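# Fold and geometry: a report
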Amino acid sequence: MKIVGLTGGIGSGKTTVAKMFQDLGVPLYIADERAKILMNTSKDIKKQLITLFGDEAYNDKQLNRPFLASKIFKNPDLLKQMNAIVHPKVGDDFTQWKGQQTAPYVLKEAAIIFENDLASHYDFIITVVADLDQRLARVMKRDSTTEDKIMAIVNNQLTDDEKAKQSDFVITNHDLDQTKDQVLIIHQHLLQTFAKN
Ligand SMILES: CC(C)(COP(=O)(O)OP(=O)(O)OC[C@H]1O[C@@H](n2cnc3c(N)ncnc32)[C@H](O)[C@@H]1O)[C@@H](O)C(=O)NCCC(=O)NCCS
Ligand SMILES: Nc1ncnc2c1ncn2[C@@H]1O[C@H](COP(=O)(O)OP(=O)(O)OP(=O)(O)O)[C@@H](O)[C@H]1O
């Protein structure tokens, strides 16, 4: 089973693009979504996050997302410590999920691949890029949030250029129809490549 990674900065359109691959029949694992589920359900993760952040990490047993975001995206060291708690569990969960799939390849959407030196875990990596002003506008509209909060996250991620340089494919996500065309071309290329190996 081949593993294709899909990454990109906040608001670049990772999930939008990932769902286009899913519509073509590619099994999709969204690491961020699974991470949030595990952070709400795994007793072990909960215990460790409360030790790291205090009781405020959870509100009525649900992850206190605004609190965590206000802590980690301003403090790279805390972000690293949180990732060290959450990511190994997401890794185990992904391995288990992958074992149930039968398609030629699976797509794993992950916000951070290069930032954590995880590129070697993938057969191919696709990066989604879009202009920063577009990304800011999209996220402000989607999450009713502020430019400052989004920029704190942008500043913890590599730039589009840095990611693109290390990727096998780059999808420019401006016009949705053109994005779909790029997805189809890459999907066909991947199927042909994997059929040969
Ligand atoms: C800290 C949390 C609770 C904040 O939630 P909130 O709803 O405010 O933000 P959201 O999830 O929309 O994330 C905002 C942006 O940050 C990116 N992001 C999320 N987690 C991380 C991380 N650990 N490192 C870098 N960027 C991240 C997201 O992809 C997105 O681009 C949430 O981001 C979270 O649970 N993160 C841990 C899960 C994780 O590590 N995800 C990445 C898996 S690859
Ligand atoms: N080409 C596009 N044109 C217009 N709107 C778009 C386009 N691509 C994505 N969007 C919208 O922009 C927002 C961000 O897209 P999406 O959630 O796919 O990005 P993301 O990279 O997964 O975000 P995050 O990093 O926050 O997880 C969504 O509301 C989505 O519907």
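Scroll up for the structure.
Residues numbered from 1 in each chain as written. Chains lettered and ligands numbered in written order. Predicted model: local features only at pLDDT ≥ 70, side-chain atom pairs only at ≥ 80, totals over all residues. Heavy atoms only, no water.

### Describing the overall build of the protein
Operational definition: Under the DSSP-based scheme used, a helix requires at least four consecutive residues in state H or I and a strand at least two consecutive residues in state E, with every element numbered from the N terminus. Between the two quantities, the radius of gyration covers C-alpha atoms and the globule rule is 2.2 Å times the number of residues to the power 0.38. The buried label applies to any residue whose accessible area, calculated with a 1.4 Å probe on protein chains only, is under 20% of its type's maximum; exposed applies above 50%, and partly exposed to all values in between. Residue contacts follow a heavy-atom distance rule, with two residues in contact if any of their heavy atoms lie within 4.5 Å.
From N to C terminus, the protein includes nine helices and seven strands. A globule of 197 residues ought to have a C-alpha radius of gyration of about 16 Å, and the protein, at 17 Å, matches this closely. Its C-alpha atoms put the protein at 50 × 40 × 25 Å along the principal axes. Taking all 197 residues of the protein together, 43% fall into the buried category. In the protein, 72% of the contacts between residues at least 6 apart in sequence involve partners at least 24 apart.

### Some remarks on helix 9 (residues 176-196)
Here is the rule we go by: Expected helix span is computed as 1.5 Å times (number of residues minus one). Identification of polar contacts relies on pairs of N or O atoms within 3.5 Å, with a donor-acceptor requirement for protein atoms, meaning one able to donate a hydrogen and the other able to accept it, and with residues adjacent in sequence counted only if both atoms are side-chain atoms.
The end-to-end C-alpha separation of helix 9 is 31 Å, in line with the 30 Å expected for 21 residues at 1.5 Å each. The opening residue of helix 9 is aspartate 175, an N-cap whose side-chain oxygen sits 3.2 Å from the backbone nitrogen of aspartate 177.

### Re the site of ligand 2
To keep it simple, the criterion reads: We call a residue near a molecule or strand when any one of its heavy atoms sits within 4 Å of it. Calculation of accessible area relied on Shrake-Rupley with a 1.4 Å probe; when residues are assessed, cover is drawn exclusively from the protein chains displayed.
Not every one of the 14 residues close to ligand 2 is listed here, only the nearest: Lys14, Thr16, Arg142, Asn173 and His174. Separating an oxygen atom of ligand 2 from a side-chain N or O atom of lysine 14 is a distance of 2.6 Å. The side chain of asparagine 173 places a nitrogen or oxygen atom 2.8 Å from a nitrogen atom of ligand 2. About the coverage of ligand 2: the protein hides 74% of its 630 Å² of free accessible area. Looking at the shell around ligand 2, the elements with two or more residues in it are helix 1 (14-23) and helix 6 (132-143).

### Focus: the site of ligand 1
Taken together, 20 residues lie around ligand 1, and Asp32, Lys36, Arg65, Asn83 and His87 are the ones closest in. One nitrogen or oxygen atom from the side chain of lysine 36 is found 2.5 Å from an oxygen atom belonging to ligand 1. Coverage of ligand 1 by the protein chains reaches 90% of its 770 Å² of free accessible surface. Counting only elements with at least two residues in the shell around ligand 1, the list comes to helix 2 (31-41), helix 4 (65-72) and helix 5 (76-98). With five residues, helix 2 is the single largest residue contributor to the shell around ligand 1.

### Description of the sheet that holds strand 7 (residues 169-172)
We apply this condition: Paired strands, as defined in this entry, are two strands with at least two bridges between them according to DSSP. Under this scheme, a helix contributes an axis fitted over its contacting stretch, all axes are lines through C-alpha atoms, and angles between N-to-C directions fall in the 0 to 180 degree range.
Taken in spatial order, the five strands line up as 2-5-1-6-7 in an open sheet, and their pairing is parallel. Edge positions in the sheet fall to strand 2 (28-30) and strand 7, since each has one partner strand and no second. The sheet shows a mean angle of 20° between the axes of neighbouring strands, direction not considered. Where strand 6 (residues 124-129) and strand 7 come together, four bridges link them in parallel fashion. What sits directly across from threonine 127, in strand 7, is valine 170. Across the sheet, helix 2 is in contact with strand 2 and strand 5 (105-109); its angle to strand 2 comes to roughly 55°. Lying on the sheet, helix 5 is in contact with strand 1 (2-8), strand 2 and strand 5; it crosses strand 2 at an angle near 170°.

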